[in-house]
Structures are given as C-alpha cells and as structure tokens.
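A closer look at the structure
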Amino acid sequence: MWPRLRQAAVIAVLLLASILLSQDTATSSGGPVAAPTPQAHHHAGAATDKTVRAAQPQPFAFADVQQLAQQRAAHDYRPMPDALPAALANLSYDQYRDIRFRPESALWRGQSLFEVQFFHRGYHVRQRVNIFEVTGAGASPVAYNPQFFTFGPLLRVPKTAANLGFAGFRVHYPLHSPAYKDELIVFLGASYFRVLGRNQHYGASARALAIDTAAPGGEEFPAFTDFWLVRPQPADRVLTIYALLDGKSVAGAYQFQIRPGATTQVEVHCGLYPRRAIGKLGVAPLTSMFLYGEEGAARRFDDYRPQVHDSDGLMTETGHGEWIWRPLANPRELRVNRFMDENPRGFGLIQRERDFNHYQDVESQYQSRPSYWVQPLGNWGKGGVELVEIPSDEEIHDNMVAYWVPAQAPAAGKPLSFSYLLSAYTQSPHWPPGGRVVATRSGKPAMGDNKGHFPAGARRMLVDFAGGDLDGLDGAQPVKADVGAENGQIEAVTVQRLASGVWRVTFVVTPKLRQPVDLRCYLTLYGEGLTETWVYQWTP
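Quick notes on the rules
Residues numbered from 1 in each chain as written. Predicted model: local features only at pLDDT ≥ 70, side-chain atom pairs only at ≥ 80, totals over all residues. Heavy atoms only, no water. Helix = DSSP H or I, 4+ residues; strand = E, 2+ residues; numbered from the N terminus. Buried < 20%, exposed > 50% of the residue type's maximum accessible area, 1.4 Å probe, protein only. Contact = heavy atoms within 4.5 Å. Areas by Shrake-Rupley, 256 points an atom, 1.4 Å probe, with all protein chains shown as cover. Core = buried A, V, L, I, M, F, W, Y, C linked by side-chain atoms within 4.5 Å. Salt bridge = Lys/Arg side-chain N within 4 Å of Asp/Glu carboxyl O. Phe/Tyr/Trp six-rings, centres within 6.5 Å; stacked < 30°, edge-to-face > 60°. Expected span 1.5 Å × (residues − 1). Lys, Arg positive; Asp, Glu negative; His and termini not counted. Polar contact = N/O pair within 3.5 Å; in protein donor to acceptor, adjacent residues only side chain to side chain. Pairing = 2+ DSSP bridges. Axes fitted to C-alpha atoms, helices over the stretch in contact; angles between N-to-C directions. pLDDT = per-residue confidence, 0-100.

Let's shift gears to the overall build of the chain. Looking only at helices and strands, one finds 6 helices and 33 strands in the chain. Taking all 540 residues of the chain together, 57% fall into the buried category. A separation threshold of at least 6 residues defines the contact pool for the chain, and within that pool the share at least 24 residues apart is 70%. Carbon and sulfur atoms form 50% of the exposed surface of the chain, whose accessible area is close to 22400 Å².

Phe-169, Ile-241, Tyr-254, Phe-256 and Leu-422 are the most contacted members of the largest nonpolar core, which totals 79 residues. Of the residues forming this core, the biggest block, 5 residues, is contributed by strand S7 (residues 180-188). In this view, Leu-422 contacts Phe-193, Val-195, Ala-206, Thr-264, Gln-265, Val-266, Leu-286, Tyr-372, Trp-373 and Val-374; residues no more than four positions away in its chain are not counted.

As enumerated under the stated definition, the model contains 23 salt bridges in all. Where Asp-226 meets Arg-72, a salt bridge forms, and the shortest distance between an N and an O atom there is 3.0 Å. Residue Asp-226 is located in strand S11 (residues 223-230), and its partner Arg-72 is located in helix H3 (residues 62-73); the two are separated by 154 residues in the primary sequence. For the pair Asp-226 and Arg-72, one class covers both residues: buried. In this structure, the salt-bridge partner of Arg-520 is Glu-322, at a minimum N-O distance of 2.8 Å. Here Arg-520 is found in strand S31 (residues 517-525), whereas its partner Glu-322 is found in the loop between strand S18 (313-317) and strand S19 (323-327), with 198 residues between them in sequence.

This paragraph deals with the packing of aromatic side chains. In the structure shown here, the tally under the stated rule is 33 aromatic pairs. With centroids separated by 5.2 Å and ring planes inclined at 65 degrees, the aromatic side chains of Phe-187 and Phe-256 adopt a geometry described as edge-to-face. Pair noted here: Phe-187 is in strand S7 and Phe-256 is in strand S13 (residues 250-259), with a separation of 69 residues, a long-range link. Accessibility expressed as a relative area gives 0% for Phe-256, which makes it buried. Residues Phe-507 and Trp-534 carry aromatic rings whose centres are separated by 6.1 Å and whose planes lie at 70 degrees to one another, so their mutual orientation is edge-to-face. Of the two residues, Phe-507 is situated in strand S30 (residues 503-511) and Trp-534 in strand S33 (residues 533-538); the sequence distance between them amounts to 27 residues.

What follows concerns the side chain of Gln-255. Note on placement: Gln-255 falls in strand S13. Not counting the four nearest positions on each side in its chain, Gln-255 is found in contact with Phe-62, Thr-240, Ile-241, Tyr-242, Glu-267, Val-268 and His-269.

This part is about H3. With 12 residues, H3 extends 17 Å between its outermost C-alpha atoms, agreeing within 8% with the 16 Å of an ideal straight helix rising 1.5 Å per residue. Restricting attention to buried positions, one finds in H3 the residues Phe-62, Val-65, Leu-68, Ala-69, Gln-71, Arg-72 and Ala-73.

Turning to the side chain of Arg-121, a few remarks are in order. Turning to its location among the elements, Arg-121 is positioned in the loop between strand S2 (115-119) and strand S3 (130-135). Despite its burial, Arg-121 pairs with no opposite charge; the closest candidate is Asp-82, at 6.2 Å N-O. Within the structure, the side chain of Arg-121 is placed 2.8 Å from the backbone oxygen of Arg-126, a separation counted as a polar contact.

Glancing now at the sheet that holds strand S27 (residues 459-466). The sheet built from 4 strands is open, its strands ordered S26-S27-S30-S29 with antiparallel pairing. Each edge of the open sheet is held by one strand with a lone partner, namely strand S26 (436-443) and strand S29 (488-497). Taking each pair of neighbouring strands and ignoring which way they run, the sheet shows an average axis angle of 20 degrees. As paired strands, S27 and S30 are joined by 7 bridges and run antiparallel to one another. Each bridged residue has a counterpart across the sheet, and for Val-463 the counterpart in S30 is Val-505.

What follows deals with the confidence of the model for the chain. Looking at the chain as a whole, its pLDDT mean stands at 89, while 88% of the residues score no less than 70. Below pLDDT 50 for its whole length, residues 1-15 participates in 31 contacts with residues either more than four positions away or in separate chains. Within the model, the stretch residues 22-52 combines pLDDT values under 50 with 92 contacts to residues more than four positions away or in other chains.

Within the secondary structure, Arg-231 sits in the loop between S11 and strand S12 (239-246). The spatial distance from the C-alpha of Arg-231 to the C-alpha of Thr-135 is 5.8 Å, given a sequence separation of 96 residues. Apart from the residues within four sequence positions on either side, Arg-231 is in contact with Trp-108, Glu-133, Val-134 and Thr-135. A polar side-chain atom of Arg-231 sits 2.8 Å from a polar atom in the side chain of Glu-133.

As a further point, take the pairing of S3. For S3, the tally of buried residues reaches 5 of 6 residues, placing the bulk of the element in the interior. Where S3 lies against S11, 5 bridges are found, and the strand directions are parallel. In the sheet register, Asn-130 faces S11, and the bridge partner there is Asp-226. As paired elements, S3 and strand S4 (residues 138-141) share 4 bridges and run antiparallel to each other. Residue pairing for S4: Thr-135 is matched across the bridge by Gly-138.

Bringing the environment of Ser-191 into the picture now. Inspection of the secondary structure puts Ser-191 in the loop between S7 and strand S8 (192-195). In this structure the C-alpha to C-alpha distance between Ser-191 and Pro-222, which are 31 residues apart in sequence, comes to 6.6 Å.

Right, dumping it as structure tokens:
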C-alpha cells in the first residue's frame, strides 16, 4: 500500500523516538559560540547570511524567522545534510539506544522551571537541526559536545566533528512534582512534535505541515531545520520556541508558546511561503494509531486485549456550531474522507475511552494517551477537515491522520498564515459541551427474539450516547433519534435509556448500492438537539 511505503522512513524515526522518549537519551546545552547563521547551512555565502550575522546582537524575534523563511523560499530547496561519521551511521539499534543524556547538562538546569535536553544523531536519526538560545543579547548557537552523553557498554565514545549538531530536543517541566521535571514536549523527526499534559503518556503526534498526504504522487515531508529556544525567566510558566521549516514546496516560520498544565496548550503561529503550487496543503496535522476498537476486531488480530489505539475518534466543531464525532476504523483499503466546512471552530484526534479494563495493557497504558484538539485562532475560510485511515496490521504504525485543507490550493509565491491553539488533554466538559457518543457497535440485523425480515446485506447499528442533559433525563422522556443515511435505507429505529444511564439508539441500514454508506445520528428532545452528531462510514 502506497502510504506505508512513502511513510516508512518517517515511521522508523517516529517509532525509535517513541522508545527514546521513555528513557534519558538526549543532549544538552552549550554556551554562546561563534557559528554560522542558520541560513549559511543551506545557502553558504548568501548575502542574507551576513545580514543575519550582523543583526544577532539585537533582540531576536519571530519576525526574524519569518524573514529567514522568505529568504529560503526565494531559492531552490536544499536539504539539510545528513552525512554521519561511520562510527555513528553504522550503529545498531541497541547501540543507538545505549546513548544516554546526562541530565546535569540540561540547558537552563537549575535556572528556570523549564529544562532542555537534545537528541544525539546516529543510526536512522540522521538529519541535523540547528539549535540556538535566544536572550536579550540575541541568538547564540547551542554547541554540540560529546561530554553531554554517556555511550554505554555497547558503544565506545565515537570520534565526532565539533559541529556534529543534534537530531532534536525535548523540554522538561515539573508537571507532577517540584522534585522532578517531566517530559513536556519533544521535537524529533521531520516536523513532528509530541506534547503532554499532566498524567499523560505519549501517544498521538502533531506536525507542522502535511503536503499531498495520501495523494497518488506521494507525500512530501517538510522538516524543521532550525530552532530558537527563548530563555525563560526563573518563574516563567510559558516557554517560547521559534522554528524554521523547509521542504521542496514551501518554507515556513513557526512560533510555539507552550503552557504546561493538566491540559497543556501550545499556541502556534505560522507563516508559509510556497516555492510552487501545492496540490493539497494539510494545516495543523495530527497523526495517531488505531489498530482496533470495541467492534470485535480483536478476533481479526487474535489479541487478548479488548482494544488497541492511541485515539478512537475524530471530533470536530463546525463553523456553525455543530459537534461531530466520527469513530476511527482500521480499514482494509486506504480511506480518505473530507468534512467540508467554513471557519471551523476546532477538530482533533481524541482518545475518549479512559477505562483500563477496555485495554488490559499494563505496559502501553492506552487509557492515558492524550487527546489533541486544534482550535483555530481567527478565520480559516472555506475548506474541510480531512481524515486519512491507512490499513495497518501492527500497532507500531501511526495510521490515522487528520488536518485542515483550505478550499483554495496555495499558489507559488503567495504567502499565507495560520494560527491555532493545540491542547493535549484527557477529559474535558467543553469538547463537546453536550451529550457525546460513548460506544459504536454493529452486527447482524436479527436481535434476540426479534428476527425481523430485513433485506440481504442489511446491518444493525448500535450507538450509545451519554453526558450533558441526557444524564438528568428519565427514561420516560420522549427522546428521539434523528438518523440519516447516504446510499442507505434506514428502518427499525429505537431509542432507550439503559440501566447504566446510557441512551442507546439501534437501527437497521440496508445499502442501496455496493459502495460505502455514510450514516448520521443525534438525539433530540422536543426538537432540541441534545448530543453531538455521530457520523460513520460503513462499507458493506
């Protein structure tokens, strides 16, 4: 399947990153040293580099990164060097994992609530990123030093160049206790980053940009090439990071403002400068894993665990205020759906199931994986939230992708910008504020003694709702289900309140043609909507 082949290299780095995030494998700071400016690594000798070098004693700000991105976009794309000394390029997986960061070398160690550690290059983690520290005096490079690492019994200290650089970094913050600084956010591989709130474990990933995802010609993966870490004051609870993005089709400037908490929020501002027309631009992309859920797919995988997923649904709030829940599925063929909208209020890949008993996985702790919610800041115009579901037979693959696609494709040389708030949370009464879907099931149309006489190919759907005003309603209340289908006929609709307090809708759908059936359902009381809208695609 094409998406797997195209994403193989990135998935390899992300898989390794997931393992590294659970151990102390990163690097740390260096003081201000003389070093080439970020542009010089791509366009050596360019006049713009001299301008940036001369300006470095002045305060460094997001406008400087935007200027650099514009300058990059004016030239042909040149990828960052990924050549490594043989001693690092030929490492085995276990040898690379044996490279450990020394916590005492962290940037801002003992100087602020935030600390920064850096990942070593080697094995498949080859691409270098340039990292700078920003103070009132300007931006200074963070120099590589092998003494920031221990290399373990499997690996001698390699002979490395002084300018080897780093593969990425992670930020630590005392989320749970003042005595220990937990991992808060990590940037490693292409434009991927992961963020955590309190009592969460790494699961889904965010990305700066997606280009031509699931397109026949293959996906492009622009990458962060340069980062600027703004030194916080001792009591600061917000950390600012600037980043420069580069790829064949576009250069971009990003600003991240990170606010840790039970729900950690990252305010993102980006300016994009296309080198050429882009067929499909994915804004604020999110990536996750869904192997199987509650529909009995465990039998397909012969797995003892009831469910295996980092996220179980796509949730959106449309521009006119409708909340939509789309359960995720691991399809047998690549599936791409776009939910058209104008000025969306939010979308995200959500882990709604929080009960350990529904996973039974002590090691993976899927019930603690964060939900990621994207809230646009300002109007994004017309477009749609696109969901890509890629077939997968292993939980190591991130096979779910969601992002916003503007209706008008970006043109070469025409800048554009987006701002949004990314929230990493576990539970929230605000997303959505009313009743929500808590389970989706399906099976043969016959149920108990009610065999019925349904057409061939029919299927019974069961959708459970709870929360909001539903929880205070007696079962005698005339709650109704508004059910619709595209390419399907609906019959035998029932609504009942279960002993658990959950409201269950059941109905039978018969496809009109041998093609996917798009279903919708929500609950009302006296014509007033009580719940989000459940949407589902069933392939007969």
